[in-house]
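# Understanding the architecture of this molecule
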Amino acid sequence: MPASKERAEAIAARLSAVGLATRVEERDDCAAIEAEVPEPLSAESWREVLEAVADADRFGLLATSSNDRTLWAVVRKRSPRRAMSGDRAISDRG
């Protein structure tokens, strides 16, 4: 199993332990996690949710006018390439 999928599954398991129904989807460039967030959710549960998604590369919350809330998180398959002045990328072996 790819490392991104393992990280995504671990995050989903932590969210499930809080009581959220989760789904994990493998995409071309990442593994995506979604969870429906019930209303209300205790402050302690929110802390646990935020600690879980902090392990993701990106996360957010989509809230609609009908009070539906979907938490999402993304674990990238590769680290983004960062160009820094004077540094050479690992793949630049020339």
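First, a word on what this report is: a plain description of the structure on this page. (Residues numbered from 1 in each chain as written. Predicted model: local features only at pLDDT ≥ 70, side-chain atom pairs only at ≥ 80, totals over all residues. Heavy atoms only, no water.)

## Looking at the overall build of the chain
Looking only at helices and strands, the chain has two helices and four strands in total. What you see in the chain, going N to C, is helices and strands ordered as α-β-β-α-β-β. When the 94 residues of the chain are sorted by exposure, 30% land in the buried category. Of the contacts made within the chain by residues no fewer than 6 positions apart, 47% connect residues no fewer than 24 positions apart. Accessible surface, the chain: about 6600 Å² in total, of which carbon and sulfur atoms supply 49%. (Helix = DSSP H or I, 4+ residues; strand = E, 2+ residues; numbered from the N terminus. Buried < 20%, exposed > 50% of the residue type's maximum accessible area, 1.4 Å probe, protein only. Contact = heavy atoms within 4.5 Å. Areas by Shrake-Rupley, 256 points an atom, 1.4 Å probe, with all protein chains shown as cover.)

## Details of the side chain of Thr-70
Within the element layout of this structure, Thr-70 appears in strand β4 (residues 69–76). A polar contact of 3.1 Å, which involves the side chain of Thr-70, links it to the side chain of Glu-36. Apart from the residues within four sequence positions on either side, Thr-70 is in contact with Arg-23, Glu-34, Ala-35, Glu-36, Gly-60, Leu-61 and Leu-62. (Polar contact = N/O pair within 3.5 Å; in protein donor to acceptor, adjacent residues only side chain to side chain.)

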